[in-house]
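What the coordinates show
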Amino acid sequence: MKQIAVLGLSRFGASVARSLTRMGAEVLGVDSDAEKVADMVNEITHVIQADVMDGDALDSIGLRNFDAVVLSIKNVEISCLTTMALKDHGAKYIVAQAGAEAHAKILERIGADKVIMPEKDMGTRLARNLVGNNIIDYMELSARHSLMEIAVLDEWVGHTIRENNIRMKYGVNIVAVRSGRNLLVSPKGEDLIHDGDVLVVIGENNDLEKLNRLESKRKRS
């Protein structure tokens, strides 16, 4: 069982802590606000009131025992100082929340193993969904690659994945096919594409954009 500490039980931190608990992780939530701590008592495995800027408090948490530490603090100065302190107190893997690009770069340079920007990530995801005529869901995996759920094109229906030759034509790989409530992972070339199917594809962002623009042009014509 994974053991994860979530420092800062703001809206984002609390959501992460609850989700981790539902997924079976053992979660310790930490916040200096007594009300936030009280709200989480029955939601996650353990929760304590403590000041993450206090070195003695960090020592008492026993950071070396956790697989990862999630730092959910928007204040730039506090999050940066805490990130450095977490490294000094034995944190194995730090995931830190940032509110802006400059904040993110600082966190990366001072020791955060992963930096996330919830508002930006959700904004990008929503924008992709709104402008993409056939995009159902979209998730950036890196600066160059993304995972996308896309409604099948009319010309694909009734043909197998091999016959459609999607990988060669569009440069994307199909990792799953969703048909109603059924999800076929790692589909084979002979699997047939049906009307209403959704393809889960992975590829370079440029190729995914080209595929979406192609469908957009067809819908306008």
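Read on for an overview of the structure. Every residue gets a number counted from 1 within its own chain, in the order that chain's sequence is written. Local features in a predicted model are, by the rule used here, given only for residues with pLDDT of at least 70; side-chain atom pairs are given and counted only at 80 or more, and totals for whole chains, interfaces and linings are based on all residues. Derived side-chain values reflect all non-hydrogen atoms in the structure, with water molecules and hydrogen atoms excluded from consideration.

1. Describing the overall build of the protein
Looking only at helices and strands, one finds nine helices and eleven strands in the protein. Counting only residues that meet the buried cut, the protein has 41% of its 221 residues in that class. Residue pairs at least 24 apart in sequence account for 52% of intrachain contacts in the protein once pairs closer than 6 positions are excluded. To measure how exposed things are, a 1.4 Å probe is used in the Shrake-Rupley method; for residues, cover is taken only from the protein chains shown. Accessible area for the protein stands at about 12600 Å²; split by element, carbon and sulfur atoms hold 51% of it. The way it works is that DSSP assigns letters per residue, a run of H or I at least four long becomes a helix, a run of E at least two long becomes a strand, and they are numbered from the N terminus. Accessible area is worked out with a 1.4 Å probe on protein chains only. A residue is then buried under 20% of its type maximum, exposed over 50%, and partly exposed in between. Residues are treated as being in contact if the distance between any of their heavy atoms lies within 4.5 Å.

2. So, a nonpolar patch on the surface
A cluster of nonpolar residues, Met 53, Ile 78, Leu 81 and Met 84, forms a patch on the protein surface that exposes about 310 Å² of accessible area. Its place among the elements puts Met 53 in the loop between strand 3 (46–49) and helix 3 (55–61). Given a relative accessible area of 41%, Met 53 falls into the partly exposed group. Nonpolar side chains (Val, Leu, Ile, Met, Phe, Trp, Tyr) are joined into patches within 5 Å and like charges within 9 Å, using only residues with over 30% relative accessible area and no salt bridge. Whenever Lys or Arg places a side-chain nitrogen within 4 Å of a carboxyl oxygen from Asp or Glu, that contact is recorded as a salt bridge.

3. With respect to the side chain of Asn 164
Note on placement: Asn 164 falls in helix 7 (residues 161–164). Under this definition, polar contacts are N or O atom pairs within 3.5 Å; protein pairs additionally need one hydrogen-donor-capable and one acceptor-capable atom, and for neighbouring residues in sequence, both atoms have to be side-chain atoms. There is a polar contact of 3.2 Å between the side chain of Asn 164 and the backbone oxygen of Trp 156. Among residues more than four places away in sequence, those in contact with Asn 164 are Glu 155, Trp 156, His 159, Lys 169 and Ile 193.

4. Digging into the pairing of strand 8 (residues 145–151)
Regular strands have side chains that alternate between both faces of the sheet. Along strand 8, the buried face is formed by Ser 146, Met 148 and Ile 150; none of His 145, Leu 147, Glu 149 and Ala 151, which line the opposite face, is buried. A strand pair is defined by DSSP finding two or more bridges across the two strands. As paired strands, strand 8 and strand 11 (residues 198–204) are joined by seven bridges and run antiparallel to one another. From the neighbouring strand, Ser 146 faces strand 11, where its bridge partner is Gly 203.

5. Observations regarding the nonpolar core
Counting residues in hydrophobic clusters, the biggest one holds 26 residues, and the most contacted among them are Leu 7, Val 30, Leu 58, Ile 61, Val 69, Leu 86 and Leu 107. At the level of elements, strand 1 (3–7), strand 2 (26–31), helix 3, strand 4 (68–71), helix 4 (76–88), strand 5 (94–97) and helix 5 (101–109) are the ones that each hand at least two residues to this core. Apart from residues lying up to four places away in sequence, Ile 61 is in contact with Leu 28, Val 30, Ile 48 and Phe 66. Side-chain atoms within 4.5 Å are what join buried Ala, Val, Leu, Ile, Met, Phe, Trp, Tyr and Cys residues into a set we call a nonpolar core. Counting 16 residues, the second largest nonpolar core, distinct from the first, contains Ile 150, Ile 161, Ile 193 and Leu 211.

6. Concerning the packing of helix 4 against helix 5
Orientation is described by lines fitted to C-alpha atoms, with helices fitted over the stretch in contact, and by angles between N-to-C directions that extend from 0 to 180 degrees. Orientation of helix 4 relative to helix 5, taken along the N-to-C sense of each, is 15°, at an axis distance of 9 Å. Viewed along their axes, helix 4 and helix 5 adopt a mutual orientation that is roughly parallel. For the pair helix 4 and helix 5, the crossing hand works out as right-handed. Contacts between helix 4 and helix 5 involve Val 76, Ser 79, Cys 80 and Thr 83 from the former and His 103, Ile 106 and Leu 107 from the latter. For this scheme, ten residues count as nonpolar: Ala, Val, Leu, Ile, Met, Phe, Trp, Tyr, Cys and Pro. Four count as charged, namely Asp, Glu, Lys and Arg, and the remainder, Gly too, count as polar. Residue classes in the contact of helix 4 with helix 5 are distributed as four nonpolar, three polar and no charged. Orientation categories follow fixed angle ranges, with anything under 35 degrees roughly parallel, anything over 145 roughly antiparallel, 65 to 115 roughly perpendicular, and all other angles oblique. Here is the rule for handedness: rotate from the far helix to the near one, and if that takes an anticlockwise turn smaller than a right angle the crossing is left-handed, while a clockwise turn gives right-handed.

7. Things to note about the packing of aromatic side chains
Aromatic rings from Phe, Tyr and Trp, taking only the six-membered ring of Trp, are treated as a pair when their centres fall within 6.5 Å; an angle between ring planes under 30 degrees marks them as stacked, one over 60 as edge-to-face, and anything in between as tilted. Taken as a whole, this structure holds one aromatic pair when the rule is applied. Ring plane angle 65° and centroid distance 5.8 Å describe the contact between Trp 156 and Tyr 170, whose orientation is recorded as edge-to-face. Here the residue Trp 156 occupies a position in the loop between strand 8 and helix 7, and Tyr 170 occupies one in helix 8 (residues 166–170), the gap between them amounting to 14 residues. The buried category is assigned to Tyr 170, whose relative accessible area is 13%.

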